[in-house]
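Fold and contact review
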Amino acid sequence: MENSAIIKINDLVKSFPMGKTHFTALRDINLTIGRGEFTGLVGPSGSGKTTLLNIVGSLDTPTSGEAWVLDHSVGRLSARQSAQLRKEELGFIFQSYNLLVVHTVYENVEFPLLLLKIGAPERKKMVMDALEWVGLTDKVRSKPPQLSGGECQRVAIARAMVKKPSLVLADEPTANLDAANSHHILKTMVNLNRELNTTFLFATHDEKVIKYLRRKIYLLDGKIDKISEQEQT
Amino acid sequence: MIRFLLKGLFHDRSRSRLPIIVVAIGVMLAVFMNAYITGFMGDTIEMNARFTHGHLKVMTRAYAENEGQVPNDLALTEVSALKEELSGRFPELDWAARIQFGGLVDVPDEFGETRSQGPAAGMGIDLLSPDSREAGRLNIQKSIVRGRIVQNAGEALLAEQFSRKLGVDPGDEVTLIGSTMHGSMSMYNFRVAGTVSFGVEALDRGTIIVDIEDARNALDMYDAAGELIGLFETGFYDDERALEIARAFNTPFEEDKDEYAPVMKTLTQQGSMGQLVKMLDVWGIYIIAIFIVAMALVLWNAGLLGGLRRYGEFGVRLAMGEEKNHLYRTLIYESIFIGIAGAFIGTAIGLFFAALVQKYGINISGLMEGSAMMYPSAIRTRITTTDYYIGFIPGLFATIIGTMLAGIGIYRRKTSQLFKELEA
């Protein structure tokens with residue numbers, strides 16, 4: 001694996017059993033994503049972008065081929081090693097935020113650090129830093145139901161970023177947001193990408209997101225259709 | 001992490017409220033039931049001990065074999081010396097001679113002819129010695145319905161129910177017709193000093209109580225007694241110690257073939273008392289087991305419902321890198337907290353109700369009519385040290401087992417589906 005590459009995928013195939021046959025969701029995927037990229041898997045529903053995101057996020061394994069994420073071959077990791085990789089190196093942002101609704105904003109952002117067993121004083125500083133990145137230091141005691149959709153997604157970003165992961169995977173992060181909030185969120189992610197050199201990999205078909213991507217990997221029927229690069233907007 | 005979990009429980013009442021209520025109710029019932037069983041069965045045992053069995057009883061070997069027939073022809077003799085020896089060897093017990101006897105109580109009219117007659121179960125106990133504790137032990141003073149306690153030789157107490165049936169009032173004279181120790185017929189006159197009601201159906205039906213010296217005179221049992229009973233000074237039966245004492249007493253007579261040789265029996269070696277005492281010992285275990293199973297089933301279901309509610313939370317936590325084992329463990333930590341909280345609340349409420357029933361009791365005399373066994377006429381709970389912790393066993397076990405069963409779903413969850421699940 002190249003030193004600058006954070007993700008390297010070789011001849012990846014992913015198929016699922018469907019009755020007596022198999023459905024191939026991904027085929028012949030060859031891809032390299034470098035550190036600090038702001039990249040998206042773009043394609044319509046059923047094109048295989050979430051499946052690929054699952055594999056990169058070590059939530060799933062390839063049927064054949066190899067997917068290297070941060071020098072780990074995802075298919076060869078045990079369940080414990082996969083969890084360890086996600087815990088230490090990956091951040092996740094979901095379409096519907098998936099915040100812990102009974103916990104405060106502070107506690108939501110703090111949770112990944114508790115899993116990493118980081119001491120209380122350092123944890124507090126890291127949580128406040130993350131909330132500052134997303135502009136929510138005044139909402140520490142609020143609970144998700146008291147926040148707007150945009151604020152919830154900013155909390156989700158802070159939660160994904162608080163441990164300063166090498167790679168953030170975002171699945172349709174703006175699907176539930178209006179245009180203004182979507183741009184706000186995306187700008188926040190762009191800034192974090194620049195300041196912390198965190199790699200962002202999106203799965204999206206939202207034009208608002210696509211405009212922000214520096215590299216777009218178009219998927220169609222489980223195959224890479226094309227890859228295009230553009231200057232950041 | 002523990003603080004995080006506790007905050008989750010405090011903030012999300014639906015996560016903790018139902019399980020805590022279930023545990024509290026279960027624990028409350030367990031504590032109350034235990035206090036009830038201890039109280040009711042304990043009272044029953046103590047009552048039987050005080051009235052008939054003693055904590056330990058010395059009889060002749062032959063008398064012991066036919067104890068149900070009260071065979072006074074096989075009674076102990078030279079009882080004063082034996083009682084002195086027992087008091088010297090086993091001072092932790094108070095020893096008292098008793099004579100149980102059967103007979104007819106005949107009530108004469110003004111011409112000396114039989115006016116009424118009835119079968120009686122008699123008890124000769126030491127009522128007149130100044131140092132005797134028998135009257136207090138049988139609670140005679142408080143059981144007097146009419147008249148007074150026996151104060152002089154030749155006086156008797158009749159059960160109130162019995163005296164009504166015979167038409168006898170305090171001051172009347174009655175004749176006890178029975179058989180002497182040597183098998184001849186005996187007739188002995190008593191003046192009825194008073195009537196008693198013990199609230200125990202088996203005693204209130206046909207009891208006549210007389211001083212033991214009068215019983216000896218009536219039955220030709222000079223310095224003899226059917227049985228010598230010993231009761232622990234502490235007031236509570238100690239089976240282990242009782243067995244030790246009985247063994248120590250019986251060992252020298254083991255080789256003796258004489259059927260009149262004395263034999264000592266503990267409370268648990270007499271009739272069905274052993275079963276009753278054993279039942280009292282194991283009852284707590286039954287209660288715990290029943291409540292563990294019942295509560296675990298309820299909490300399992302509550303856990304499954306809670307698991308559905310928290311499906312998204314578990315998914316996010318798995319996605320963020322929490323291991324399934326760790327997630328499962330945190331659920332168990334939560335259940336431990338819920339178990340402890342529920343057990344505290346349940347124990348407090350259970351003790352409260354138990355204390356009420358201990359103080360005021362529940363009258364059940366109507367249920368005991370016709371009963372041959374001696375049961376107390378009122379249920380009273382007895383709060384013991386066990387009641388302070390017994391609820392924590394089902395409280396904790398049930399919540400942990402319920403959570404463990406409900407949490408198995410975590411291991412069945414496919415991590416590969418998390419993104420899809422969490423997209424919705």
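Summarised in this report is the structure supplied together with it. (Residues numbered from 1 in each chain as written. Chains lettered and ligands numbered in written order. Predicted model: local features only at pLDDT ≥ 70, side-chain atom pairs only at ≥ 80, totals over all residues. Heavy atoms only, no water.)

Details of unusual backbone geometry
Note: most peptide bonds trans; most residues except glycine with negative phi. All names here are of chain A. As a reminder of what qualifies: Here a strand is any run of E in DSSP of at least two residues, a helix any run of H or I of at least four, and the numbering for each starts at the N terminus. Exposed residues in this analysis have more than 50% of their type's maximum accessible area, buried residues have under 20%, and partly exposed residues fall in between, with area computed by a 1.4 Å probe over protein chains only.
The phi angle at Asp 28 is positive, at roughly 50°, despite the residue not being glycine. Mapped onto the fold, Asp 28 is located in strand β2 (residues 21-34). Take Asp 28: its relative accessible area is 49%, and that puts it in the partly exposed class. Of note, the phi angle at Glu 172 is positive, near 45°, even though the residue is not glycine. Within the secondary structure, Glu 172 sits in the loop between β7 (167-171) and α6 (179-196).

Brief notes about the interface of chain B and chain A
Counted only if it meets this: The contact definition used throughout considers only heavy atoms, calling two residues in contact when any of these lie within 4.5 Å. Put simply, buried area is how much 1.4 Å-probe accessible surface two parts lose in total, over both of them, once they are put together. Any Lys or Arg side-chain nitrogen located within 4 Å of an Asp or Glu carboxyl oxygen qualifies as a salt bridge. Counting of polar contacts relies on pairs of N or O atoms within 3.5 Å, with two restrictions inside protein: one atom must be capable of donating a hydrogen and the other of accepting it, and residues adjacent in sequence are counted only when both atoms are side-chain atoms. Three categories are distinguished: nonpolar for Ala, Val, Leu, Ile, Met, Phe, Trp, Tyr, Cys and Pro, charged for Asp, Glu, Lys and Arg, and polar for the others, with Gly belonging to the last.
Taken together, the contact between chain B and chain A spans 26 residues of the former and 29 residues of the latter. A combined buried area of about 2700 Å² lies between chain B and chain A, and 64% of that area is made up of carbon and sulfur atoms. Residue B:Lys7 is joined to A:Glu107 by a salt bridge in which the shortest nitrogen-to-oxygen separation is 3.3 Å. At the boundary of chain B and chain A, one finds five residue pairs in polar contact (both at pLDDT 80 or more). Contributions of two or more residues to the side of chain B that touches chain A are made by α1 (2-11), α12 (311-319), α13 (324-360) and α16 (418-423) of chain B. Here the residues of the side of chain B that touches chain A are counted per class, giving 10 nonpolar, seven polar and nine charged.

Brief notes about empty space enclosed by the protein
Convention followed: For each structure, a 1 Å grid was placed over the protein atoms alone; sets of points admitting a 1.4 Å probe that cannot get out are labelled cavities, open sets with protein on both sides within 12 Å along at least five of seven lines are labelled pockets, and lining residues have an atom within 4 Å of a point. Grid points are joined across faces, edges and corners, and a volume is the space filled by probe spheres set on the points.
All chains considered together, the criterion is met by two cavities of 30 Å³ or more. In this structure, the largest cavity encloses a volume near 50 Å³. As for the largest cavity, its lining consists of A:Leu90, A:Gly91, A:Phe92, A:Pro112, A:Arg159, A:Ala160, A:Lys163 and B:Met320. Contributions of two or more residues to the lining of the largest cavity are made by β6 (90-93) and α5 (149-161) of chain A. Among the elements that line the lining of the largest cavity, the one with the most residues is β6(A), at three residues. Of the residues assigned to the lining of the largest cavity, the class counts are five nonpolar, one polar and two charged.

A closer look at the packing of helix α2 (residues 13-53) of chain B against helix α11 (residues 273-309) of chain B
All names here are of chain B. To keep it simple, the criterion reads: Fitting a line to C-alpha atoms yields each axis, with helices limited to the stretch in contact; the angle taken between N-to-C directions then spans 0 to 180 degrees. Comment on the angle field: the value is read as roughly parallel under 35 degrees, roughly antiparallel over 145, roughly perpendicular from 65 to 115, and oblique elsewhere.
Following both chains from N to C, one finds α2 and α11 inclined at 175°, their axes separated by 10 Å at the closest point. The angle between the axes of α2 and α11 places the two elements in the roughly antiparallel class. Tallied by class, the residues present in the contact of α2 with α11 amount to 23 nonpolar, nine polar and two charged.

Here we look at the packing of α1(B) against α2(B)
Residues and elements named next belong to chain B. Following both chains from N to C, one finds α1 and α2 inclined at 80°, their axes separated by 5 Å at the closest point. The angle between α1 and α2 places the two elements in the roughly perpendicular class. Counted together, Gly 8, Leu 9, Phe 10 and His 11 of α1 and Arg 13, Arg 15 and Ser 16 of α2 form the full contact between these two elements. Broken down by class, the residue content of the contact of α1 with α2 amounts to two nonpolar, three polar and two charged.

Let's talk about the side chain of A:Gln153
Residue and element names in this part refer to chain A. Within the element layout of this structure, Gln 153 appears in helix α5. According to the relative accessible area criterion, Gln 153 is buried, its value standing at 0%. A distance of 2.6 Å separates a polar atom in the side chain of Gln 153 from the backbone oxygen of Pro 173. With residues up to four places along the chain from it excluded, the contact list for Gln 153 reads Ile 93, Phe 94, Gln 95, Tyr 97, Pro 173, Leu 177 and Ile 185.

Some details on the pattern of salt bridges
Enumeration according to the criterion identifies 27 salt bridges over all chains in this entry. Here A:Lys14 and A:Asp60 are joined by a salt bridge, their closest N and O atoms 3.2 Å apart. Here A:Lys14 is found in strand β1 (residues 5-18), whereas its partner A:Asp60 is found in the loop between α1 (49-56) and β4 (64-69), with 46 residues between them in sequence. Summarising the burial analysis for this pair, A:Lys14 and A:Asp60 share the class buried. For the salt bridge of B:Glu227 with B:Lys57, the shortest nitrogen-to-oxygen distance reads 3.5 Å. Of the two residues, B:Glu227 is situated in strand β9 (residues 227-232) and B:Lys57 in strand β1 (residues 56-60); the sequence distance between them amounts to 170 residues. B:Glu227 gets classed as buried once you look at its relative accessible area, which sits at 2%. Bridged by salt links that share partners, the residues B:Asp94, B:Arg98, B:Arg133, B:Glu134, B:Arg137 and B:Glu233 form one connected network.

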